[in-house]
Structures are given as C-alpha cells and as structure tokens.
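# Working through the structure, step by step
For reference, the chains in residue letters:
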Amino acid sequence: MKNQVQLITYVDRLGASNLRQLTQLLEGPLHGVFGGVHLLPFFDAIDGADAGFDPTDHTEVDPRLGNWDDIRALTKVVDVMADAIVNHMSSASPQFQDFCTRGDASPYAGMFLTMDGVFPNGAREQDLLAIYRPRPGLPFAPTVLGNGQKKMLWTTFTPQQIDIDVQHPQGQAYLHSILQRFADNGIQMIRLDAAGYAIKKAGTSCFMLPETFDFIARFAEQAQGMGMEVLVEIHSYYQRQMEIAKRVDWVYDFALPPLVLNTLFFGNSKALKEWIRIRPENALTVLDTHDGIGIIDIGADPADRARHPGLLPPEQLDKLVERIHANSGGQSRQATGTAASNLDLYQVNCTFYDALGRNDRTYLLARAIQLFMPGVPQIYYVGLLAGENDMDLLARSGVGRDINRRRFNLSEVEAAIQKPVVEGLLQLIRLRNICPAFNGSFAMQESPDTTLHLRWTFGASKAELFIDFSDMSYQILNEEDASQKALTFRR
C-alpha cells in the first residue's frame, strides 16, 4: 500500500455517475491528491437495502457504473481497494432465490445460515439474549420457502441481508470466487466488511470469537496469496482491534475520530495521547467513513465493563455525544439511535464537519492530527469537501447514516474545492503525500495535556505539528535541507 492519502467514496456520489467519470475527476481537479481509492460497493446492485452492502452478484460491476475494464483502467491511475462482504449477501441473489424455490434440495441450501444450523437442539432464552447485534431485536427473519418449508434465517443486519455460512463448502467457494475476480482485475487491497459477525456458535455472543480470528486469518492468507493486502473492518472494544492488527495487514483506527473530537471539545489531550502510545501502527487513520462516528471503539468492553474499561469513562462519553448533538444543532440526534431506521447502536450519525460545529479552524486541526498519525490516512468524500449534514436525504430515506452520504454533482465538487477550508485540507494532504519525513520515524513529544506535539523525521527532512488546545493556536513546520516552511490556514 502506498504511503499516501487515500480517498473513500461511492463511485456515483462525488461528481461522477460512473467509473470513467470518477477516473477523470481523479486525473483532473483532484490530480495528485490521492494515491489510492477505496471504492465503496460497486457491485450489482448498488441500490439494495444497504447502499450496495447487500450485493445480488458480488462478482459483477453494476452496469450503471461500468464494468471490470473500467476498474482495471482506474487501477492504472490509483491503487484500488474493494469490499469483500463476507458475512451476508442479498435476498435477491440467484443463489438465495434457488434456495427459496427448492429448499433443502437446492445446491445452495447449506450456504445460508439458519437458526437451527447454529442451535440444532433449540435455543434457550439466555442463548438468544447473549447474541450481540448492532441493531435492536434478534437477528432472525422467519421465511416460508417455495416448497412450504419454514426457516428462521440468520440476518445480522437487515432481512434483505442473508448471512452466509462461511464454514460450509458452498460459502467458502462463494467467498473464494470474489477474491479471484478481484485479483483478476487488478484490485490491490480488500476490506473485509462485517467480518466480526462471520462465525456463529451456540452459547456465545456470536461476535469476535476465537474462531472468528481464525477465519479472518485464513481468509487474509488466501487474499495475500493472490497479491492483495487485507484491511479488516471491525467496530469493537479497542483491545480487540489491537489483537486483530497482529494478524492482518491493516486495521482501521476507529478510536481516533471520537478521541480527536473529545480533545478539541474539552481541551484535554490526555486520552488521545494514551491511545497514540499504545495503538497499532498498521492502521488506516480515519475521521469519517460511510458509517457513523464510533462510540463502542473507545468505550468499555460490553462483556466485562468493570475489568475492561474504555479509553474514556462513561460520563465523558455521554458528554462527547451530547456535544456532537449540540454542535450539529440537533441534526445528529435525529439521525442516531431509535430516531432512524437501519441504525447502528454504537455510532453517532453526523458529518465530521458538523460534529465540529462547521468551524473551519478546528476542522483543519482535526485533519492535521489525522494526517500526522502513523499509518495511512483515508479521507471520506464528504469530509474532503467539508460536507454538511444532508437532512433532505435523511428525510427521504429514513436511514440514519444517509445524513453523511450526500450526492455531489460535478459543479458542486468544483465549487467546494474553492472553499478556504477545502483548500487548507488539500494543502495538508499534499504535504502528507510529498514530504519525505512521513517515510521516517514518528515521535510524540512530551508536553502538557492541553497541547499535542507530533514529529516525523527522515534524514534532513522533518515535519512537526504543535497544537495548543487552550486557544487553538498551532504550528505546522516542514524542514528540508536547512530550509523551513510553515503551513498556515486561511481564515
């Protein structure tokens, strides 16, 4: 993976309607800004129950976006990451439709997980209550098959997303076919989506089990054998992220966004500094993604809160969440929790720009922290343009995460690039991409908890970030061959 900033985007929501237009955008107005792009699901179809995360055919590009030739053309411009959705597939998929029609006579019968497949002797109340799910209720959808059979299908997320038995030969063959198609078409990186839920076992939480770690390691080994690096996407207790990081190429630093917000809101960097000291360095640093701002990632372990506290205590988490709601004028509250369907109980839905009250200075300071952290930075397309909450889309869909999934046409992208806050962000991104210091050694300097001082050095090159959170003053220095440049943001 290139040590350059990456973009996270849907193909058709950043001034483009298809892959060719997105490639032109990356070669045109955004030329030289990104070394890689994580394309959010571009598979057939992109407009299912969960914005493409429920593909009917995971091995085909949605024809409205283009085809695999267009993907290969994009890989000549930037490195491309694609999602391997390992936990589930669409109820509209040919495999599931065949199972619905033929029941146990279908060759795909064992591919889909049912309640009795995990609980062959039935489930007790405590067994069901132990299951961890990021939404309210139990993860089952009662279904009557075409032959009259009744099944309780396992549906971790929505009734349209049918969980796969990743240990069944048909499930394994399906997942292998996805990897093969990716490798054949130049995909350099894959993201394992919802991998933490892939293994279900009676008497457990069915989330992040020892067997889950083993599954992730095996799947990652297959992908690596085909020449692809592996990023694992898991929202969970921070120590689990640290454990996963030992087994794969990359993990997300999902603890960073809420800790940066906490630091900027309350002027105290103690928790952020502690995380910097212990966090895995093989991390993709993010402040925003297509999902919400994670809370579980810095909270206590739900399985044992007393023995495994979080990076922030519960009362501070509450203050953090309330400040986001206040800064967004209550918009994030409308999009979070029981206020919105298709919710994630562990996330606050809001653009990062709105979470900071649309304050350009603090927004750029947040991005500076992100870009100075060890790892590879990823910038979400809405965050790239300092996008605001899309309340109209939220009202139309009723899906909380849609508040941060706005569609920008090309003229809106071109106008946003001219905004001072976006100009400042592009300055930071280019510094991160071209400064040799970021290929060297990182150190966090000792300083009071009202400040943060980060330094990178490589030979004669040095890059430093110093922030005083008491008054939001800052210094960003880039030194090379005895020359020194300071980066300042336009107000």
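Keep in mind that what you see is a predicted model, and the values were worked out from it rather than measured.

Counted by the stated rule, this structure contains 34 salt bridges. A salt bridge links Arg124 to Asp127, with the nearest nitrogen and oxygen atoms 3.2 Å apart. According to the relative accessible area criterion, Asp127 is buried, its value standing at 9%. Ionic contacts of the salt-bridge type, sharing partners, join the residues Asp50, Asp291, Arg401, Asp402 and Arg405 into one network.

The sheet built from eight strands closes into a barrel, its strands ordered β1-β2-β5-β10-β11-β12-β13-β16 with parallel pairing. Averaged over all pairs of adjacent strands, the angle between their axes in this sheet comes to 30 degrees, without regard to strand direction.

Okay, the layout of surface pockets next. Within this model, the largest pocket holds a volume of roughly 370 Å³. Lining the largest pocket are 18 residues, with Ile295, Ile296, Gly299, Arg305 and Leu317 sitting closest to its centre. The volume enclosed by the second largest pocket comes to roughly 250 Å³. Taken together, 18 residues form the lining of the second largest pocket, with Arg13, Ile46, Asp47, Gly48 and Ala51 sitting closest to its centre.

At their nearest, the axes of helix α14 (residues 360-372) and helix α18 (residues 420-434) sit 10 Å apart, and the two run at 15 degrees to each other. By the angle class used here, α14 and α18 are roughly parallel. In the crossing of α14 with α18, the sense of the turn from one axis to the other is right-handed. Only Val421, Gly424, Leu425, Leu428, Ile429 and Arg432 of α18 make contact with α14, whose side of the interface consists of Asp360, Tyr363, Leu364, Arg367, Ala368 and Leu371. Residue composition of the contact of α14 with α18, grouped by class: eight nonpolar, one polar and three charged.

The sheet contact formed by strand β17 (residues 441-444) and strand β18 (residues 451-458) spans four bridges and is antiparallel. Opposite Phe442, over in β18, you have Trp456 as the bridge partner. Taken together, β17 and the strand that follows it, β18, pair antiparallel across an intervening segment of six residues. The sheet contact formed by β18 and strand β19 (residues 461-468) spans eight bridges and is antiparallel. Paired with Thr457 across the bridge in β19 is Lys462.

Moving on, we get to helix α9 (residues 256-266). Buried residues dominate α9, accounting for 10 of its 11 residues. Restricting attention to buried positions, one finds in α9 the residues Leu256, Pro257, Pro258, Leu259, Val260, Leu261, Asn262, Thr263, Leu264 and Phe265. Just beyond α9, the residue with positive phi is Gly267, at close to 70 degrees.

All right, on to the side chain of His58 then. Here His58 shows up in strand β4 (residues 57-61). For His58, a relative accessible area of 1% translates into the label buried. Within polar-contact distance, the side chain of His58 engages the backbone oxygen of Asp83 at 3.4 Å. Leave out the neighbours within four places in its chain, and His58 touches Phe43, Asp83, Ala84, Ile85, Tyr174, Ile178 and Phe182.

Rules used throughout
Residues take numbers from 1 onward in each chain, read along the sequence in its written order. Totals for whole chains, interfaces and linings use every residue, but because this is a predicted model, local features are given only for residues with pLDDT of at least 70 and side-chain atom pairs only at 80 or more, for both listing and counting. The basis for every side-chain value is the complete set of heavy atoms in the structure, and neither hydrogens nor water enter the calculation. By convention in these notes, a salt bridge is any Lys or Arg side-chain nitrogen within 4 Å of a carboxyl oxygen on Asp or Glu. The buried label goes to any residue with under 20% of its type's maximum accessible area, the exposed label to any with over 50%, and the partly exposed label to all in between, with areas taken from a 1.4 Å probe on protein chains only. Whether two strands pair comes down to DSSP finding at least two bridges between them. Secondary structure elements follow DSSP: runs of H or I no shorter than four residues count as helices, runs of E no shorter than two count as strands, and numbering proceeds from the N terminus. Here an angle of 0 to 180 degrees is reported between the N-to-C directions of two axes, which are lines fitted to C-alpha atoms, with helices fitted over the stretch in contact. Buriedness of a pocket was judged along seven lines, with at least five required to meet protein on both sides within 12 Å; pockets are open sets of points on a 1 Å grid over the protein atoms alone, cavities are sets where a 1.4 Å probe fits but cannot get out, and lining residues have an atom within 4 Å of a point. Grid points are joined across faces, edges and corners, and a volume is the space filled by probe spheres set on the points. Here is the rule for angles: anything less than 35 degrees is roughly parallel, anything more than 145 is roughly antiparallel, 65 through 115 is roughly perpendicular, and the remaining ranges are oblique. In this scheme the crossing of two helices becomes right-handed for a clockwise turn of the near helix relative to the far one and left-handed for an anticlockwise turn of less than a right angle. Contact criterion: two residues are considered in contact whenever any of their non-hydrogen atoms come within 4.5 Å of each other. Gly is placed with the polar residues, together with every amino acid not listed as nonpolar (Ala, Val, Leu, Ile, Met, Phe, Trp, Tyr, Cys and Pro) or charged (Asp, Glu, Lys and Arg). N or O atoms closer than or at 3.5 Å make up a polar contact, with two conditions inside protein: a donor-capable atom paired with an acceptor-capable one, and, for residues adjacent in sequence, both atoms drawn from side chains.

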